[in-house]
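# Coordinate analysis (summary)
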Amino acid sequence: MTANKTVHVNGTAYRWPKRPVVVVCIDGGDPAYLRQYLAEGSIPNIARFMQQGFSGVADGTVPSFTCPNNMSIITGTPASRHGISGNYYLDVKTGAAVVMTGPELLRGDTILSQFADAGAKVVSITAKDKLRKQLGKNLDISRGNISFSSEFAGKCTMKENGIEDVLEFVGMPQPDMYSMELSLFVLEAGIKLLEKDRPDLLYLSLTDYVQHKYAPHESEARRFYQQLDRCFGRLADLGAIVALTADHGMNDKSNGNGDPNVVWLQDILDTRFGKGDTRVICPITDAFVAHHGALGGFVRVWCTGKATPTRVIDAIKNIDGIESVLDKETACRLHALPMDREADVVVISTADRCIGGAAREHDLSGLKGHRLRTHGGVSEAKVPFILNAPLNDEYRLKAGAATLKSYRIFDFAINGTTH
Ligand SMILES: [Zn+2]
């Protein structure tokens, strides 16, 4: 009945999937982790996907943060279209920093909601609840579709999430916010739902707790990836098209002493122009700063006094560890960002550095005993792009002709595989 139906979302036509399509966003899944474990032979399922299906390294959305990239993936569009360019932006009318996790800020439709409206059964599961509302934008829960977070797995209701008694169903206890189980719960729930309901589309979004804390060579990270690999294998065994990508990568940004390598930009600008003339916003900031101290590789500067963008750019451009300083127009053009939410100046650090606001406003106590690993810049915007099925001729040509974009992962998984 639905076999020949086409679903149009934000200018892309998607055919009706013949078998379930599972897209997994490995939060913070830098390609370096896969390189390490592929070389060691410790992730056999992913290795098989890459051999029998398709694999590449794609460009993610800059800033390489969680919210912008998850929204790019589920809308199939760059941030200039969907509008979510960070976790925070400054509302210049009120002077308030606005959290960008509200579904009303997301522009356009999601692939998930449009498929659901066309009659598909859709599942969206995220580790952190902060993403849930945007992922579930316009997703009609009353018709058998499901949207929940493992963070609040124990509190799900049919009305809000389309599922209840999730802990019993998955057979795992409520995972801790700072644990690898928070991600594994997402995958385990996806596997259980695939077994029971065989949904048409599943989006499974993990959390980067492990990658913030552990480098690829550390055994905790290896153990996490081995468990991910087993879950991916089980999803494939259930007959699904499995597509793996990440929202962003991850880099070590500590110095030889193990201390964070930070450019304290607000302090620098306050010294140069005086307090109140500029406002630095760190758009990585969220409620869970323990593992990154709100330090990332991308910040925004609004000129709120006599400092002009040109003067701010001049004051910043030669600072050690700064990779690029862009005015609003250039930043939006270069990185496909929405103009109306962009700052006067965009500042991006090199791979080994991060940028903060004022030193006294960052709580780094959660980093004690660990090197700072974080993301946000262009150096962390390369992500894996792996499918467990080969590409058809049309998409093989597409993949060869242009740089892969991670926001095309649903397009490639649904339209580009031979199935
Ligand atoms: Zn992330």
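Heads up: these notes are all about the structure in this document. None of these values were measured; they are calculated from a predicted model.

### Quick look at the environment of L90
In this fold, L90 is placed in strand β5 (residues 88–91). C-alpha separation for the pair L90 and V280, spaced 190 residues apart in sequence, amounts to 9.4 Å. Once you skip the residues sitting within four places of it in the chain, L90 turns out to touch G95, A96, A97, R279, I281 and W302.

### Here we look at the coordination of the zinc ion
The zinc ion binds to the protein through D27 (OD), T66 (OG1), D247 (OD) and H248 (NE2), with metal-donor distances spanning 1.9 to 2.2 Å. The sequence pattern describing where the donors of the zinc ion fall on their chain is D-x38-T-x180-D-H. Here D27 is found in the loop between β3 (21–25) and α1 (31–40), whereas its partner H248 is found in the loop between β10 (241–245) and β11 (251–252), with 221 residues between them in sequence.

### Details of the sheet that holds strand β19 (residues 382–387)
Taken together, seven strands build an open sheet; the order of strands is β4-β19-β10-β3-β9-β7-β8 and the sheet is mixed. Every other strand in the sheet has two partners, leaving β4 (54–59) and β8 (146–149) as the edge strands with one partner each. Direction aside, the axes of adjacent strands within the sheet are offset by 10 degrees on average. Of the pairings in the sheet, the one linking β4 to β19 comprises six bridges and is antiparallel in character. When the bridges of β19 are listed, G56 appears paired with F385. Strands β4 and β19 of the sheet are contacted by α1, whose axis makes an angle of about 55 degrees with β19.

### Things to note about the environment of Y407
Locating Y407 in the fold gives a position in the loop between α15 (393–401) and α16 (409–415). Judged by its relative accessible area of 16%, Y407 falls in the buried class. A C-alpha to C-alpha distance of 31 Å links Y407 and E164, two positions 243 residues apart in sequence. Among residues more than four places away in sequence, those in contact with Y407 are S72, I73, G76, T77 and P78.

### A look at the packing of helix α2 (residues 44–52) against helix α11 (residues 219–237)
For the pair α2 and α11, the least separation of the axes is 7 Å and the interaxial angle reads 50 degrees. Between α2 and α11, the angle is such that the two are oblique. For the pair α2 and α11, the contacting residues are P44, N45, I46, R48 and F49 in the first and D229, R230, F232, G233 and A236 in the second. Residues belonging to the contact of α2 with α11 are distributed by class as follows: five nonpolar, two polar and three charged.

### A closer look at the packing of aromatic side chains
Counting across every chain of the model gives 13 aromatic pairs. Between Y37 and Y225 the ring centres are 5.3 Å apart and the planes differ by 45 degrees, which places this aromatic pair in the tilted class. Of this pair, Y37 sits in helix α1 while Y225 sits in helix α11, placing them 188 residues apart in sequence. Judged by its relative accessible area of 1%, Y225 is buried. An angle of 85 degrees between the planes, with centres 6.3 Å apart, marks the rings of F65 and F298 as edge-to-face. Residue F65 is found in the loop between β4 and α3 (66–75), and its partner F298 is found in strand β14 (residues 298–303); the two are separated by 233 residues along the sequence. An identical accessibility class is assigned to F65 and F298; each is buried.

Criteria and cut-off values
Residues numbered from 1 in each chain as written. Predicted model: local features only at pLDDT ≥ 70, side-chain atom pairs only at ≥ 80, totals over all residues. Heavy atoms only, no water. Helix = DSSP H or I, 4+ residues; strand = E, 2+ residues; numbered from the N terminus. Contact = heavy atoms within 4.5 Å. Donors = N, O, S within 2.8 Å, 3.2 Å for Na, K, Ca; no water. Pairing = 2+ DSSP bridges. Axes fitted to C-alpha atoms, helices over the stretch in contact; angles between N-to-C directions. Buried < 20%, exposed > 50% of the residue type's maximum accessible area, 1.4 Å probe, protein only. Parallel < 35°, antiparallel > 145°, perpendicular 65-115°, else oblique. Nonpolar A, V, L, I, M, F, W, Y, C, P; charged D, E, K, R; others polar. Phe/Tyr/Trp six-rings, centres within 6.5 Å; stacked < 30°, edge-to-face > 60°.

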